[in-house]
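Structural characterization, general
Below are the chains, spelled out letter by letter.
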Amino acid sequence: MNELYLAFMIGLLGSVHCIGMCGPLAFAVPSLRPGLGFLVFDKLLYQSGRIISYCILGLIIGLIGRQLWLSDMQQGISIFTGLLIIAAACSRIFKLSIGNNSSFLLKPFNKLFGYALQHKANHLIIGMINGLLPCGFVYLALAGAVNTGSVGQAAAYMFWFGVGTAPLMLLATISMGFTGNLFRRRINKVIPFMMLFLGVWFILRGMDLNIKYLSPSKPAAGVAECR
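Residues numbered from 1 in each chain as written. Predicted model: local features only at pLDDT ≥ 70, side-chain atom pairs only at ≥ 80, totals over all residues. Heavy atoms only, no water.

Let's shift gears to the overall build of the protein. Within the protein, the regular secondary structure consists of nine helices and zero strands. Overall, the protein shows an N-to-C arrangement of helices and strands of α-α-α-α-α-α-α-α-α. Buried residues in the protein amount to 41% of all 227 residues. Contacts in the protein between residues at least 24 apart in sequence constitute 81% of all its contacts with a sequence separation of at least 6. Accessible surface computed for the protein: about 12500 Å², of which carbon and sulfur atoms make up 71%. (Helix = DSSP H or I, 4+ residues; strand = E, 2+ residues; numbered from the N terminus. Buried < 20%, exposed > 50% of the residue type's maximum accessible area, 1.4 Å probe, protein only. Contact = heavy atoms within 4.5 Å. Areas by Shrake-Rupley, 256 points an atom, 1.4 Å probe, with all protein chains shown as cover.)

Take a look at the structure:
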């Protein structure tokens, strides 16, 4: 349960970053029916679409994580993931340039998103497309999901991550400016340190130091673990 709580908090804190990155895309999606009730309903569909995509990604990454678990590579992957997250956090703290290929990754997404807008696709469909947008916080969540060890837990991890991003994104898309630039900048300064904490958490989990609520649970003596 602590992993799902962590996923929710990553989504909640990361949603401030999401407003700055993909908020403009959400703002660009018009409600095709007049009235506040229809506006709220459409934006709920939009957020639901993002969460559905996150769950699908969770299922995919869960299959990968499951194979790593069965191959007894889970601890090594957890440590490796933690080191990558710490490196990414340090690059943001010390403003190091590590290259950027996001423009290449965004080209197919922009075409798909533009096609959906042009043909007035349902908000649920557009939200699902938005959920596939290359995003550092989604990658961060997927790094956590791959370390859960099962397909169901990975999907649940991504579900609660998506739920965490939804409240602020929903309010922002309805109010068209829920948070100011100054507030977002302050939150973005805290985010790398949260990433450091998460990286250390993955490393300690991978080291299997038998720390309560942190280390992976083990089967009781004489009881076979069902995999």
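All right, on to the environment of isoleucine 56 then. Here isoleucine 56 shows up in helix H3 (residues 36-70). In this structure, the C-alpha to C-alpha distance between isoleucine 56 and phenylalanine 159, residues 103 residues apart in sequence, is 9.2 Å.

For an α-helix, 3.6 residues make a turn, and residues three or four places apart therefore share a direction. Along helix H7 (residues 136-146), nine of the 11 residues are buried, which leaves the element largely enclosed by surrounding structure. Buried within H7 are the following residues: Phe137, Val138, Leu140, Ala141, Leu142, Ala143, Gly144, Ala145 and Val146.

Our next topic: the confidence of the model for the protein. Confidence along the protein averages 75 in pLDDT terms, with 68% of residues attaining 70 or more. No element of the protein has a lower mean pLDDT than helix H2 (residues 23-28), which averages 61, and none a higher one than helix H8 (residues 151-175), which averages 87. Below a pLDDT of 50 lies the segment residues 218-227, which in the model reaches seven contacts outside its immediate sequence neighbourhood of four places, other chains included. (pLDDT = per-residue confidence, 0-100.)

Another aspect to go through is the nonpolar core. Core analysis: the largest hydrophobic core is formed by 28 residues, its most contacted members being Ile10, Phe137, Met158, Phe161 and Leu198. Looking at this core, the elements with two or more residues in it are helix H1 (2-21), H3, helix H4 (74-93), H7, H8 and helix H9 (181-207). Looking at this core element by element, the count peaks at eight residues for H7. Those residues in contact with leucine 198 that sit more than four places away from it in its chain are Leu6, Ile10, Ile85 and Leu140. (Core = buried A, V, L, I, M, F, W, Y, C linked by side-chain atoms within 4.5 Å.)

Another point: H4. When the terminal C-alpha atoms of H4 are compared, their 28 Å separation across 20 residues agrees well with the 28 Å that a helix rising 1.5 Å per residue should span. Regarding H4, the residues found buried are Gln74, Ile77, Ser78, Thr81, Gly82, Ile85, Ile86, Ala89 and Ser91. Just past H4, the residue lysine 95 takes up positive phi, approximately 55°. (Expected span 1.5 Å × (residues − 1).)

Our focus in this paragraph is the packing of aromatic side chains. As enumerated under the stated definition, the model contains two aromatic pairs in all. Residues phenylalanine 159 and tryptophan 160 carry aromatic rings whose centres are separated by 5.3 Å and whose planes lie at 80° to one another, so their mutual orientation is edge-to-face. Judged by relative accessible area, which is 34%, tryptophan 160 ranks as partly exposed. (Phe/Tyr/Trp six-rings, centres within 6.5 Å; stacked < 30°, edge-to-face > 60°.)

Right, let's talk about the side chain of arginine 50 for a bit. By the secondary structure assignment, arginine 50 is in helix H3. As a buried residue without a salt bridge, arginine 50 has its nearest oppositely charged side chain in aspartate 42, at a separation of 14 Å. With sequence-adjacent residues up to four places away left out, arginine 50 is seen in contact with Gly127, Met128, Asn130, Gly131, Gly162, Thr165, Ala166 and Met169. (Lys, Arg positive; Asp, Glu negative; His and termini not counted. Salt bridge = Lys/Arg side-chain N within 4 Å of Asp/Glu carboxyl O.)

Any two packed helices are characterised by the angle at which their axes cross and by the distance between the axes. Close contact between H4 and H7 brings their axes to 10 Å; oriented N to C, the two are set at 160°. With respect to each other, H4 and H7 are oriented roughly antiparallel. By crossing handedness, the relation of H4 to H7 is classed as left-handed. Touching Gln74, Thr81, Ile85 and Arg92 of H4 are Phe137, Leu140, Ala143 and Val146, all from H7. Across the contact of H4 with H7, the residue classes break down as five nonpolar, two polar and one charged. (Axes fitted to C-alpha atoms, helices over the stretch in contact; angles between N-to-C directions. Parallel < 35°, antiparallel > 145°, perpendicular 65-115°, else oblique. Left-handed = near helix turned anticlockwise from the far one by under 90°. Nonpolar A, V, L, I, M, F, W, Y, C, P; charged D, E, K, R; others polar.)

The next point concerns the environment of methionine 194. Of note, methionine 194 is situated in helix H9. Residues methionine 194 and glycine 14, 180 residues apart in the sequence, show an inter-C-alpha distance of 9.9 Å. Non-local contacts of methionine 194, meaning those with residues more than four positions away in its chain, are made with Ile10, Leu13 and Phe137.

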